Amino acid sequence: MIPSTSSLIPQKKAKSASQTVLDKYSAKVYKKRKTHMLMVDHTAPAPQEIEANVRTIPGLLTHRGCCYAGCKGVVLGPLKDALLLVHGPIGCSFYTWGTRRHKARPRKDEKNFVPYCFSTDMQEGDIVFGGEKKLRTAIDEAMAIFKPETIFICSTCPVGLIGDDIAAIAAEAEEKYGIICTSFSCEGYKGVSQSAGHHIANNQLIKSVIGTGDSVPITKLSINILGEYNIGGDGWEIGRVLGRIGYETVCVLTGDGAVADIRNAHLAELNIVQCHRSINYIAEMMQAQYGIPWLKVNFIGVSATIKSLRDMAAYFVEKTGDDSILQRTEEVIADELVEIQEELDYYKQRLSGKTAFLYVGGSRSHHYQKIMRDFGMSAVLAGYEFAHRDDYEGREVIADIKVDADSKNIENLTLEPVEGKYHLHLSEAAVAKLKTTVDDFGYYGGMMKEMENGSVVVDDLNHFETEEFIKMLEPDVFFSGIKDKFVVQKGGVLSRQLHSYDYSGPYAGFKGAVNFGRDVSMGIYTPAWKLVVPPWKRQPFLSGTIGDA
């Protein structure tokens, strides 16, 4: 989509809102935060740059999570056949237990550990004298009770500080029990946010799991779905549509995913990437090791889903020379649209002209702008919790991103083609031809290119800024998470969670779009908001007189 050059909101108002927020900071904080905010201007002489992936300023109430949350809670958490054992205090385990609603459905004779919370429950004595003995005992108990074929050990902050050797213990367990046992040193203090945990999880999966299987796909239309976490059943709805067309899904990383399937990921013909930030590492590493190309997709929204399906079809037509997949794709699209068109039109009539803020992780602040446009809605402000600059500006800026000390804490793997397993899926000429029609093949353009002129972009939005921007830009709905949901609603603005869907969903695909329109429409039109008076409308104005000195 080519963004409009007309202003979404008056530029003077957008600039005033950002400046008003910044003016309330001290000079030191002002200097640091101003680089994290901008007003989108596609007429600017040079590409706009935003600061991202740096430490939050101490004292500001950030919405971010930690490295451990990104590794265990986001990437590894949805795996159903891996027993995730957290080596750390019980609170860390509880924090990442069931909060994202990544649903899992076990197949016949398959174990499902997603509903469980496993922890070594480290106490003060374990931290003083070491917790390795307790970790070995926990593994023995897990094997005796649950008999898993895979155990993933995730460490939290105390483990990194006292130096427990979880990698050595994992190796012992592998030899002792003949299972996959891998450790993830994802202590919360590593990196600046949960993004570091995504990278750590990606690294270990490529080193220890991917490429170890030998189950060859049945069809020529085999894919891996990367960065789909099956929130509210999104992955199942995406899989339903892809299955109708004829695609064979080798594995999903990691919503309703299984280690048994991920072992065979290197045998697929194409990787499709839903969440760029959390999984782009694996997409790139699999291309380096096995030659599998990747395509950036978005199944949130009708128009976005249609584009992604057509892009996938274009790849397989180029690869196989058989255009029947393109015909089948168009048939399924037409069939799906007929089923939902009446409801789409109804909700568009109710939502057209409404405005929203989006402040979510991963690629969601970008993806959900697409579905909002399907309903005639607009984003007046958007930002990410833990994005890097390329998530905002596009992958072309990666070479210019400064690597700071925090980023250097995360291992950066340099991988070579694996002998006997590397395959060139498309010639250089075919790749060049495909890129002329499929702009997201091996590329992600970032969020800002598709935002309207005059909209505001804020990285690492905090509580103070949230309230101030709401006062001035007056959105109809705020799409975010649980940390700010009730603060926003006490201000008289509907807040819908896009990390858990407020126990609804799915929102992906064609039928998911209808669910989204229904939920947002019900929320905006509920009479409750007429009864809420925002705190800033109740605050008395200060008055006084100047007395004699």
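Higher on the page you've got the structure.
Residues numbered from 1 in each chain as written. Predicted model: local features only at pLDDT ≥ 70, side-chain atom pairs only at ≥ 80, totals over all residues. Heavy atoms only, no water.

Novice: Quick question: what am I supposed to make of the overall build of the chain here?
Specialist: Of regular secondary structure, the chain possesses 20 helices and 14 strands. Buried positions account for 57% of the 549 residues belonging to the chain. A total accessible area of about 23,900 Å² is found for the chain, and carbon and sulfur atoms account for 54% of it. Across the chain, 61 positive and 69 negative side-chain charges occur, with their mean positions spaced 5 Å apart. (Helix = DSSP H or I, 4+ residues; strand = E, 2+ residues; numbered from the N terminus. Buried < 20%, exposed > 50% of the residue type's maximum accessible area, 1.4 Å probe, protein only. Areas by Shrake-Rupley, 256 points an atom, 1.4 Å probe, with all protein chains shown as cover. Lys, Arg positive; Asp, Glu negative; His and termini not counted. Charge placed at Lys NZ, Arg CZ, Asp CG, Glu CD.)

Novice: I keep staring at the sheet that holds strand 11 (residues 378-384) and nothing clicks. Help me out?
Specialist: Through backbone hydrogen bonds, the strands of a sheet pair up, either in parallel or in antiparallel fashion. Read across the open sheet, the six strands follow the order 1-12-11-10-13-14; overall the sheet is mixed. The open sheet has two edge strands, strand 1 (37-39) and strand 14 (494-497), and neither has a second partner. Ignoring strand direction, the axes of neighbouring strands in this sheet form an average angle of 15°. As paired elements, strand 10 (residues 355-360) and strand 11 share six bridges and run parallel to each other. Residue pairing in the sheet places Thr355 in a bridge with Ser378 of strand 11. The strands touched by helix 15 (residues 364-374) are strand 10, strand 11 and strand 13 (477-480); relative to strand 10, the strand with the most contacts, the crossing angle is about 155°. Across the sheet, helix 19 (residues 482-490) touches strand 10, strand 13 and strand 14, and the angle it forms with strand 14 is around 165°. (Pairing = 2+ DSSP bridges. Axes fitted to C-alpha atoms, helices over the stretch in contact; angles between N-to-C directions. Contact = heavy atoms within 4.5 Å.)

Novice: Sorry, what's going on with the sheet that holds strand 2 (residues 83-87) here?
Specialist: Read from one edge of the open sheet, four strands run 3-2-4-5, paired in parallel fashion. Each edge of the open sheet is held by one strand with a lone partner, namely strand 3 (118-119) and strand 5 (180-184). Here five bridges tie strand 2 to strand 4 (residues 150-155), and the two strands are oriented parallel to one another. Residue pairing for strand 4: Leu85 is matched across the bridge by Ile153. The strands touched by helix 3 (residues 67-76) within the sheet are strand 2, strand 4 and strand 5, with strand 4 carrying the most contacts at an inclination of about 155°.

Novice: Please clarify how the packing of helix 3 against helix 9 (residues 195-208) should be interpreted in this entry.
Specialist: Between two packed helices, both the angle of their axes relative to each other and the distance between the axes serve to describe the pair. Where helix 3 meets helix 9, the closest approach of the two axes is 6 Å, and the angle between their N-to-C directions is 55°. On the basis of the axis angle, helix 3 is oblique to helix 9. The two elements helix 3 and helix 9 cross, and the hand of that crossing is right-handed. Along its contact with helix 3, which presents Cys67, Gly70, Cys71, Val74, Val75 and Leu76, the element helix 9 presents Ala196, Gly197, His198, Ile200, Ala201, Asn202 and Leu205. Among the residues making up the contact of helix 3 with helix 9, the classes are represented as nine nonpolar, four polar and no charged. (Parallel < 35°, antiparallel > 145°, perpendicular 65-115°, else oblique. Left-handed = near helix turned anticlockwise from the far one by under 90°. Nonpolar A, V, L, I, M, F, W, Y, C, P; charged D, E, K, R; others polar.)

Novice: I tried to follow the packing of helix 18 (residues 463-473) against helix 19 on my own but got confused; where do I start?
Specialist: Axis separation between helix 18 and helix 19 bottoms out at 11 Å; the angle between their running directions is 40°. Here helix 18 lies oblique to helix 19, going by the angle between them. The element helix 18 and its partner helix 19 pack so that their crossing is right-handed. Across from His463, Thr466, Glu467 and Ile470 in helix 18, the residues of helix 19 making contact are Lys483, Asp484, Val487 and Val488.

Novice: Can you help me understand the packing of aromatic side chains in this one?
Specialist: In this description, a pair of aromatic rings is defined by centroid distance and the angle of the planes. For the structure shown, the criterion picks out 20 aromatic pairs. Between Tyr247 and Phe316, the aromatic rings sit 5.6 Å apart at their centres with planes inclined by 50°, giving tilted as the arrangement. Separated by 69 residues along the polypeptide, Tyr247 in the loop between helix 10 (234-245) and strand 7 (248-254) and Phe316 in helix 13 (residues 302-320) bring together distant segments of the chain. Aromatic rings pair up to connect Tyr368, Phe375, Phe479, Tyr501, Tyr507 and Phe516 into one cluster. When the ring centre of Trp236 is taken as origin, the NZ or CZ atom of Arg105, which lies over that ring, is 3.7 Å away. One Lys or Arg, Arg350, reaches over the ring of Tyr525 and ends 4.1 Å from the middle of that ring. (Phe/Tyr/Trp six-rings, centres within 6.5 Å; stacked < 30°, edge-to-face > 60°. Lys NZ or Arg CZ within 6 Å of the ring centre and 35° of its normal.)

Novice: Sorry if this is basic, but what is going on with the layout of surface pockets here?
Specialist: Rolling a probe over the atoms, with the probe sized like a water molecule, indicates the empty space that remains. Quantified by volume, the largest pocket comes out at close to 1,000 Å³. As for the largest pocket, its lining consists of 35 residues, and the residues nearest its centre are His199, Tyr281, His388, Val403 and Ser407. Taken together, the elements giving at least two residues each to the lining of the largest pocket come down to helix 9, helix 12 (276-290) and helix 16 (389-393). At six residues, the largest contribution of residues to the lining of the largest pocket is made by helix 12. Here the second largest pocket is characterised by a volume of approximately 740 Å³. The wall of the second largest pocket is formed by 40 residues, among which Val74, Thr99, Arg100, Glu385 and His499 lie closest to the centre. Broken down by secondary-structure element, the contributors of at least two residues to the lining of the second largest pocket are helix 3, strand 6 (222-228), helix 15 and helix 19. (1 Å grid on protein atoms, 1.4 Å probe; cavity = no way out; pocket = protein on both sides within 12 Å on 5 of 7 lines; lining within 4 Å. Points joined across faces, edges and corners; volume = space filled by probe spheres on them.)

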